[in-house]
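The residues making up each chain are set out below.
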Amino acid sequence: MNGKVTLMILGAFLFVAGPAHAGDASAGQAKAEECANCHGEDGKGDSDNPPIAGMAEADFIKVLKDYKSGARTKNKAMIKASAKLSDDDIANLAAYYATLK
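Counting restarts for each chain, with residues numbered from 1 along the sequence as it is written. Totals for whole chains, interfaces and linings use all residues, but because this is a predicted model, local features are given only for residues with pLDDT of at least 70 and pairs of side-chain atoms are given and counted only at 80 or more. To get the side-chain values, all heavy atoms of the structure are used, and hydrogens and water are removed first.

**A few points about the overall build of the protein chain**
Basically, it comes down to this: Runs of E in the DSSP output that reach at least two residues are strands. Runs of H or I that reach at least four are helices, and both are numbered from the N terminus. Contact between two residues is taken to exist if any of their heavy atoms lie within 4.5 Å; hydrogens are not considered.
Helix and strand counts for the protein chain stand at six helices and zero strands. Listing the helices and strands of the protein chain from first to last along the sequence gives α-α-α-α-α-α. Counted over contacts in the protein chain with a minimum sequence separation of 6, partners at least 24 positions apart contribute 62%.

**Side note on the packing of helix 4 (residues 57-69) against helix 5 (residues 76-83)**
Test applied: Angles shown run from 0 to 180 degrees and are taken between the N-to-C directions of axes, each axis being a line fitted to C-alpha atoms and, for helices, limited to the stretch in contact. Here is the rule for angles: anything less than 35 degrees is roughly parallel, anything more than 145 is roughly antiparallel, 65 through 115 is roughly perpendicular, and the remaining ranges are oblique. Classification convention: Asp, Glu, Lys, Arg as charged; Ala, Val, Leu, Ile, Met, Phe, Trp, Tyr, Cys, Pro as nonpolar; all other residues, Gly among them, as polar.
At their nearest, the axes of helix 4 and helix 5 sit 8 Å apart, and the two run at 95 degrees to each other. In terms of axis orientation, helix 4 runs roughly perpendicular to helix 5. Residues L64, Y67 and K68 of helix 4 form the contact with helix 5, whose own contacting residues are M78, I79, S82 and A83. For the contact of helix 4 with helix 5, a count of residues per class yields five nonpolar, one polar and one charged.

**Concerning the layout of surface pockets**
As a reminder, the rule being used: In the cavity and pocket records, a cavity denotes points on a 1 Å grid over the protein atoms alone where a 1.4 Å probe fits but cannot get out, a pocket denotes an open set with protein on both sides within 12 Å along at least 5 of 7 lines, and lining residues are residues with an atom within 4 Å of a point. Grid points are joined across faces, edges and corners, and a volume is the space filled by probe spheres set on the points.
Taken as a whole, the largest pocket encloses approximately 510 Å³ of empty space. Taken together, 24 residues form the lining of the largest pocket, with C35, H39, L64, M78 and A81 sitting closest to its centre. Among the residues making up the lining of the largest pocket, the classes are represented as 14 nonpolar, four polar and six charged.

**Comments concerning helix 5**
So the rule is basically this: Note on exposure labels: buried denotes an accessible area under 20% of the residue type's maximum, exposed denotes more than 50%, and partly exposed covers the range between, all computed with a 1.4 Å probe on protein chains only. The arc in question is the one traced by the directions running from the helix axis out to the C-beta atoms. Counted as a polar contact is a pair of N or O atoms within 3.5 Å, where, for protein atoms, one must be capable of donating a hydrogen and the other of accepting one, and residues adjacent in sequence contribute only when both atoms are in side chains.
Burial in helix 5 covers these residues: M78, A81 and S82. The arc enclosing the buried residues of helix 5, seen along the axis, measures out at 95 degrees, which places them on a common side. The outward face of helix 5, more than 90 degrees from its buried face, is lined by the exposed residues K76, K80 and A83. Where helix 5 is buried, its residues touch helix 3 (33-39) and helix 4. The N-cap of helix 5, judged by a side-chain oxygen 3.0 Å from the amide nitrogen of A77 a few residues on, is N75.

**Some words on the packing of helix 4 against helix 6 (residues 87-99)**
Any two packed helices are characterised by how steeply their axes cross, that is the angle between the axes, and by the distance between the axes. The criterion, for reference: Helix crossings get a hand from a simple test, with the near helix turned counterclockwise from the far one by less than a right angle marking a left-handed crossing and a clockwise turn marking a right-handed one.
Contact geometry for helix 4 and helix 6: axes closest at 9 Å, N-to-C directions at 140 degrees. In terms of orientation, helix 4 and helix 6 fall into the oblique class. Pair helix 4 / helix 6 crosses with right-handed handedness. On helix 6, the residues that touch E57, F60, I61, L64, K65 and K68 of helix 4 are D87, I90, A91, L93, A94, A95, Y97 and A98. Tallied by class, residues from the contact of helix 4 with helix 6 come to ten nonpolar, no polar and four charged.

Structure below.
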């Protein structure tokens, strides 16, 4: 029974705390200039670059962190771009692109 109580308290804490990756969409928009060079001002991408507009924040964060850590190695431009970003930058960009349709 003690384990159940601990699990309930942990679950309540996580619910109140919200997602750890919540970013500031306004700050993300201000930081999005380099992204727009390849993905377009609207984030819709083109034949060479995938769309990032409307991407779920968690998915966006995972992709960028994978490029930054070296887990993804296919796109040299993304590796270079992600290396310059802090965790806050990534969360803010994720919040911004999640707001676009």
